[in-house]
Amino acid sequence: MVPALQVLVSVVGRVALSAIFLLSAVGNKIPNFNGIAELLGSKGMPAPKFMLLGAIAFLVAGSLSVILGYKTRLGALLLFIFLLPTTYLFHDFWNLSGHEAMEQNIQFMKNVSMAGAMLFLVANGGGAWSLDARRRPSVRTMTLEEAAA
């Protein structure tokens, strides 16, 4: 891939991957705070308002971090941690049957996929066009000839 195109694709990928988390916090969890806290309580979550505040903080900080490519690994880790209990509590297809079980299985697998993408970012960082890349000096990679010598 052409380096300029690779850089652009990296940024677009980070934005596309993180948009769902930011929009979930800003468009749903914050405006519907009390209702969502009640839902968390009904699912057995202890201290639901406190946990929801933490979830919102993880969603906003994590998604902005990944979008900007600033401390990308930490932001992706926050989103990964958010996905673990969310996936288990809200997409429990194993407790359902029929069409509802199938729908929740799809949502469960969607979250597993996003969790995998977050682990990929934890391992690899935000890419060349990230604030992280601008903060550290460039590292020269060894050529095959140098490695073989």
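What counts and what doesn't
Residues numbered from 1 in each chain as written. Predicted model: local features only at pLDDT ≥ 70, side-chain atom pairs only at ≥ 80, totals over all residues. Heavy atoms only, no water. Patch = residues over 30% accessible without salt bridge, like charges linked within 9 Å, V, L, I, M, F, W, Y side chains within 5 Å. Areas by Shrake-Rupley, 256 points an atom, 1.4 Å probe, with all protein chains shown as cover. Salt bridge = Lys/Arg side-chain N within 4 Å of Asp/Glu carboxyl O. Helix = DSSP H or I, 4+ residues; strand = E, 2+ residues; numbered from the N terminus. Buried < 20%, exposed > 50% of the residue type's maximum accessible area, 1.4 Å probe, protein only. Core = buried A, V, L, I, M, F, W, Y, C linked by side-chain atoms within 4.5 Å. Contact = heavy atoms within 4.5 Å. Phe/Tyr/Trp six-rings, centres within 6.5 Å; stacked < 30°, edge-to-face > 60°.

Asks: Outline a nonpolar patch on the surface, supporting the account with residue identities and numerical values.
Replies: Residues L5, L8, V9, V12 and W129 make up a contiguous nonpolar surface patch of about 480 Å² in total accessible area. Mapped onto the fold, V9 is located in helix α1 (residues 3–29). Using a relative accessible area of 42% as the deciding quantity, one classes V9 as partly exposed.

Asks: With reference to specific residues and values, describe the nonpolar core.
Replies: Generally speaking, a soluble globular protein has its nonpolar side chains buried in company with each other. The biggest cluster of nonpolar side chains holds 14 residues, and the ones touching the most others in it are F21, L59, L79, F82, L83 and M118. Within the residue set of this core, elements represented by two or more residues are α1, α3 (48–68), α4 (72–90) and α5 (98–124). Looking at this core element by element, the count peaks at five residues for α4. Among residues more than four places away in sequence, those in contact with M118 are L17, F21, A76, L79, F80 and L83. Membership of the second largest hydrophobic core comes to seven residues, among which are L40, M45, I56 and L89.

Asks: So what's going on with the packing of aromatic side chains? Residues and values would help.
Replies: The final tally for this structure, using the stated rule, is five aromatic pairs. For the ring pair F21 and F82, a centre distance of 6.5 Å and an interplane angle of 90° mean the geometry is edge-to-face. Placement of F21 in helix α1 and of F82 in helix α4 is noted, with a sequence separation of 61 residues between them. F82 carries the same exposure label as F21, and that label is buried. Centre to centre, the rings of F93 and F108 are 5.2 Å apart; their planes meet at 70°, and the pair counts as edge-to-face.

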